[in-house]
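# Architecture and fold: a report
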Amino acid sequence: MIQQTNGIKTIAGAIVVAGLMIAGAIFVSNTKANNETSNLNQASSNILLKVREDDHVRGNPKAPLTLVEYSDYQCGYCALFNPTIKSILEKYPDDFKFIYRHYPQLSPESSSAAVATECVAKLAGNDAFWVMNDSLFENQDSLGRELYVALAKAQGIE
């Protein structure tokens, strides 16, 4: 009977030790994965929030506060947000900068509108981009080649 009790204690002890080893391995694995994910998220955030050379910036480029918007010219909510941004910039001209980045998702026309604004920006500069940007949001129902050409011509672009 004594041998049987010792055998059960040995097996039970082995199970407890194995369980502790598995729990430790899981803990170490999760800690390492969390650290890697945290580092990846931080790197992604730095890339997304950095002002890039090709960004369209409205407001004070050296302002301490930055808002980055990923937007689509066919998005109704984006169009509603556009006047809000302009009023914030009027109220806090030295403290705030706004960065617009294209995120055309709703249709092929969204991509065409984004390309049209980039063409205007390349030919006439950042101010022309913002005029085009505002005009496209104000004329969402008319997006198309005719509108893009008319808006470009209004800025002196052939």
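Counting restarts for each chain, with residues numbered from 1 along the sequence as it is written. Local features in this predicted model are restricted to residues whose pLDDT is 70 or higher, and side-chain atom pairs enter the listing and the counts only when it is 80 or higher, whereas totals over whole chains, interfaces and linings include all residues. Side-chain calculation: all heavy atoms of the structure are included, whereas hydrogens and water are not.

## Points about the nonpolar core
What counts here: In these notes, a set of buried Ala, Val, Leu, Ile, Met, Phe, Trp, Tyr and Cys residues joined through side-chain atoms within 4.5 Å is what counts as a nonpolar core. Accessibility here uses a 1.4 Å probe with only protein chains present; expressed as a share of the type maximum, an area under 20% marks a residue as buried, one over 50% as exposed, and anything in between as partly exposed. Counting from the N terminus, the helices are the DSSP runs of H or I reaching at least four residues and the strands are the DSSP runs of E reaching at least two. Any pair of residues with heavy atoms lying within 4.5 Å of one another is described as a contacting pair.
One finds Tyr73, Phe98, Tyr100, Met132, Leu136 and Tyr148 to be the most contacted residues of the largest nonpolar core, which totals 25 residues. Secondary structure elements with two or more residues in this core: α2 (76-91), β3 (96-102), α3 (108-124), α4 (126-138) and α5 (145-154). In terms of residues, this core owes the most to one element, α4, which gives six residues. Residues within four places of Phe98 in sequence aside, it is in contact with His56, Val57, Arg58, Leu67, Glu69, Phe81, Ile85, Leu89 and Trp130.

## Examining the layout of surface pockets
Quick note on the threshold: Buriedness of a pocket was judged along seven lines, with at least five required to meet protein on both sides within 12 Å; pockets are open sets of points on a 1 Å grid over the protein atoms alone, cavities are sets where a 1.4 Å probe fits but cannot get out, and lining residues have an atom within 4 Å of a point. Grid points are joined across faces, edges and corners, and a volume is the space filled by probe spheres set on the points. Residues are grouped as follows: Ala, Val, Leu, Ile, Met, Phe, Trp, Tyr, Cys and Pro are nonpolar; Asp, Glu, Lys and Arg are charged; all remaining types, including Gly, are polar.
Estimated volume of the largest pocket: approximately 170 Å³. Along the walls of the largest pocket sit Ala116, Cys119, Val120, Leu123, Met132, Tyr148, Val149, Ala152, Ile157 and Glu158, which together make up its complete lining. Mapped by element, the contributors of at least two residues to the lining of the largest pocket are α3 and α5. The element contributing the most residues to the lining of the largest pocket is α3, with four residues. Taken together, the residues of the lining of the largest pocket break down into nine nonpolar, no polar and one charged.

## Some details on the pairing of β3
Rules: At least two bridges found by DSSP between two strands is the condition for calling them paired.
Taken across its seven residues, β3 has six buried, putting it largely inside the fold. With four bridges joining them, strand β1 (residues 56-59) and β3 adopt antiparallel strand pairing. Note on β3: the bridge partner recorded for His56 is Tyr100. Relative to β3, strand β2 (residues 65-71) is paired through seven bridges, and the arrangement is parallel. When the sheet's bridge partners are listed, Ser71 is paired in β3 with His102.

## Things to note about the pattern of salt bridges
For clarity, the cut-off: Whenever Lys or Arg places a side-chain nitrogen within 4 Å of a carboxyl oxygen from Asp or Glu, that contact is recorded as a salt bridge.
Inspection of the entire model under this criterion finds three salt bridges. The network of salt bridges with common partners includes Arg58, Lys86 and Asp134.

## Some words on the sheet that holds β1
Convention followed: For helices, the fitted axis covers only the stretch in contact; all axes are lines through C-alpha atoms, and the angles between them, taken along N-to-C directions, range from 0 to 180 degrees.
One open sheet holds the three strands; their spatial order is β1-β3-β2, and the pairing between them is mixed. Looking along the sheet, the strands with just one partner apiece sit at the ends: β1 and β2. With strand direction ignored, the average angle separating the axes of adjacent strands in the sheet is 25°. Lying on the sheet, α2 is in contact with β1, β2 and β3; it crosses β3 at an angle near 155°.

## Some details on α3
Note the threshold: Multiplying one less than the number of residues by 1.5 Å gives the expected span of a helix. Taken from the helix axis, the directions to the C-beta atoms give the arc we talk about. Polar contact is the term for a pair of N or O atoms within 3.5 Å; when the atoms are in protein, one must be able to donate a hydrogen and the other to accept it, and sequence-neighboring residues count only if both atoms are side-chain atoms.
A rise of 1.5 Å per residue sets the reference length of α3, with its 17 residues, at 24 Å; its end C-alpha atoms lie 24 Å apart and thus fit the reference within 8%. Of the positions making up α3, those classed as buried are Ser110, Ala113, Ala114, Ala116, Thr117, Val120 and Ala121. For α3, the angular spread of the buried residues around the axis is 155°, confining them to a single face. When the buried face of α3 is taken as reference, the exposed residues oriented beyond 90 degrees from it are Pro108, Lys122 and Leu123. N-capping of α3 is provided by Ser107, with a side-chain oxygen placed 3.1 Å from the backbone N of Glu109. Positioned one or two residues after α3, Gly125 has a phi angle of 100°, which is positive.

## Description of the packing of α4 against α5
Short version of the rule: Definitions for this section: a left-handed crossing has its near helix turned counterclockwise from the far helix by less than a right angle. A right-handed crossing has that turn clockwise.
Here α4 crosses α5 at 145°, and the two axes come no closer than 10 Å. Like other packed secondary-structure pairs, α4 and α5 cross with a definite hand, here right-handed. Together, Met132, Ser135 and Leu136 of α4 and Leu147, Tyr148 and Leu151 of α5 make up the contact between the two elements. Split into classes, the residues belonging to the contact of α4 with α5 amount to five nonpolar, one polar and no charged.

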